[in-house]
Amino acid sequence: MSGRVLARFWRPPLSKVTQEAIVPKSGIVGLPNVGKSTLFNALTASYQAESANYPFCTIEPNVGIVKVPDGRLDKLKELVKPQQVLPAAFEFVDIAGLVRGASKGEGLGNQFLSHIREVDAIVHVVRCFDDENITHVDGAIDPLRDVDTIHIELAMADQASITKRIDRLQKQKKHGGDKRAELELAVLEKVIPYINEVEAVDMDILTDEERAIVPSLQLLSTKPMLYAANVKEDELADPDKNKYVQALKAKAKEEKRPVVIISAQIEAELSALDPAERTSYLESLGVKDSGVNTLIRAAFELLGLKTYFTAGEKEVRAWPFESGFTAPQCAGIIHTDFERGFIKAEVIGYDDYVRSGSEKVAKEKGVMRLEGKDYVMDDGDVVHFRFNV
């Protein structure tokens, strides 16, 4: 799959008065008993999502908002000493296990697939360990077969919806003058060969205008996806020795999809420890960072998101934005008035801010820049927006 980013996340219309900060949404999917709910519990540091050794334990999706780990916030907190620090947020949805035939309603599949349509990205949890005490719906561990099962079900669900949509769009096109219908039809005609072959859709085949409408089509096969390879505790330090991980990484490389190594059970144990104990525990496993932190950051990057900061006495805050956003668009993430009345943006690069030690010194050194409406925001920019309405 191409690394190019979709122009916009699809969301219901926001309030005319104020925009909400971008909170991307990722669905955790996989076969039953691969560790999805255990991982979800660790991600959200709660144990509200039921986890048991049988299929369809999770029927209604559990939803949790997590903080995006970013060490730059700690440094800004140290320098600015604000009243509060607000990190970027990421929403994860624990979706019940899919099985073969889900697209035809097997195992409440239609209900589960509808939940996946609503997310921006997919975290596909793949079991990469043997354990005779944990059942497998197909009787044995085979990551490639498991991955294909999920891909086939997503593709079959898309085929059914695309067929209906194309019939409707062709009728609209006959009447002429419907640019949106023509765009949708062009997208569907380009992506359906990939879907029919159960291949990762190459987004580079689409024009910028076509890519912009893809999220609103809610096709499962076009959603950005990463694999979370669930391994045993003693394999975390050197997962590449695991034959299942090797096979999964080879497939992911062909699909141009990232792989994150996690041990869902270890992450669940880590979530119950205080920060100091977590660090010590990870060191004992020969691991530098938790799989949860790595997964959150990877999901964030998968969607092409960057972060800018606002820093003042009241708060230091991280604001996610889509790559390519201009200064006014980023201002609008805080409030639509900021975008509508945008004048200038006072911008200090993160590294310049840290080297200066404060906004005042940054100004004195001449590293604060005044940027206009055409400025494309960069990751790490520390910004103050000037506006007038």
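Up top you'll find the structure we're talking about.
What counts as what
Residues numbered from 1 in each chain as written. Predicted model: local features only at pLDDT ≥ 70, side-chain atom pairs only at ≥ 80, totals over all residues. Heavy atoms only, no water. Helix = DSSP H or I, 4+ residues; strand = E, 2+ residues; numbered from the N terminus. Buried < 20%, exposed > 50% of the residue type's maximum accessible area, 1.4 Å probe, protein only. Contact = heavy atoms within 4.5 Å. Areas by Shrake-Rupley, 256 points an atom, 1.4 Å probe, with all protein chains shown as cover. Pairing = 2+ DSSP bridges. Axes fitted to C-alpha atoms, helices over the stretch in contact; angles between N-to-C directions. Parallel < 35°, antiparallel > 145°, perpendicular 65-115°, else oblique. Nonpolar A, V, L, I, M, F, W, Y, C, P; charged D, E, K, R; others polar. Phe/Tyr/Trp six-rings, centres within 6.5 Å; stacked < 30°, edge-to-face > 60°. Lys NZ or Arg CZ within 6 Å of the ring centre and 35° of its normal.

Here we take up the overall build of the chain. What the chain contains, in helices and strands, is 14 helices and twelve strands. Within the span of the chain, comprising 389 residues, buried residues form 50% of the whole. In the chain, the share of contacts with a sequence separation of at least 24, taken over all contacts with a separation of at least 6, comes to 72%. Summed over all atoms, the accessible surface of the chain reaches about 18,600 Å², with 49% contributed by carbon and sulfur.

This part covers the sheet that holds strand β6 (residues 225-230). In space, the six strands of this open sheet follow the order β2-β4-β1-β5-β6-β7, with mixed pairing throughout. On the outer flanks of this sheet lie β2 (62-67) and β7 (259-262), each paired with one strand and no other. The sheet shows a mean angle of 25 degrees between the axes of neighbouring strands, direction not considered. Sheet topology places β2 next to strand β4 (residues 89-94); six bridges connect them, and they run antiparallel. The partner of Val66 across the bridge, within β4, is Phe90. Packed on one face of the sheet, helix α4 (residues 143-175) meets β5 (121-127) and β6 and runs near 145 degrees to β5.

Here we come to the packing of helix α1 (residues 36-44) against helix α10 (residues 291-302). At their nearest, the axes of α1 and α10 sit 10 Å apart, and the two run at 90 degrees to each other. In terms of orientation, α1 and α10 fall into the roughly perpendicular class. Touching Leu39, Ala42 and Leu43 of α1 are Val292, Leu295 and Ile296, all from α10. When the residues that make up the contact of α1 with α10 are grouped by side-chain class, the tally is six nonpolar, no polar and no charged.

Moving on, we get to the packing of α4 against helix α7 (residues 243-255). Interaxial distance between α4 and α7 falls to 9 Å at its minimum, and their mutual angle equals 40 degrees. In terms of their interaxial angle, α4 and α7 are classed as oblique. Residues Pro143, Leu144, Val147, Asp148 and His151 of α4 lie in contact with α7, whose contacting residues are Tyr244, Ala247, Leu248, Lys251 and Glu255. Residues belonging to the contact of α4 with α7 are distributed by class as follows: six nonpolar, one polar and three charged.

Counting buried positions along strand β8 (residues 305-311) yields five of seven residues, so the element is predominantly enclosed. Alignment of β8 against strand β9 (residues 315-322), held across seven bridges, turns out to be antiparallel. Along β9, the bridge assignment pairs Phe309 with Ala318. The hairpin formed by β8 and β9 contains three residues between the paired strands.

The phi angle at Asn33 is positive, at roughly 65 degrees, despite the residue not being glycine. Note on placement: Asn33 falls in the loop between β1 (25-29) and α1. Residue class for Asn33 comes out buried when judged on its relative accessible area of 14%. Even without a glycine there, the phi angle at Gln218 is positive, about 55 degrees. In this fold, Gln218 is placed in the loop between α6 (208-217) and β6.

Right, let's get into the packing of aromatic side chains. Tallying each qualifying case throughout the model produces seven aromatic pairs. Here Tyr308 and Phe321 contribute two aromatic rings whose centre-to-centre distance is 5.9 Å and whose plane-to-plane angle is 45 degrees, an arrangement assigned as tilted. A residue pair is termed long-range when its members are at least 10 positions apart, and Tyr308 in strand β8 and Phe321 in strand β9 qualify at 13 residues. In this structure Tyr308 comes out as buried when scored by relative accessible area, which is 0%. Note on Phe321: relative accessible area 0%, which makes it buried. Arranged with centres 6.4 Å apart and planes meeting at 45 degrees, the rings of Phe309 and Tyr350 form a pair that is tilted. On the criterion of sequence distance, the pair formed by Phe309 in strand β8 and Tyr350 in helix α13 (residues 350-356) is long-range, its members being 41 residues apart. We note that Phe309, like Tyr350, is buried. Grouped by ring-pair contacts, the aromatic residues Tyr308, Trp319, Phe321, Phe342 and Phe385 constitute a single cluster. The ring of Phe129 carries Arg127 above its face, with NZ or CZ at 4.9 Å from the centroid. Arg317 extends its terminal NZ or CZ atom over the ring of Trp319, reaching a point 3.9 Å from the ring centre.

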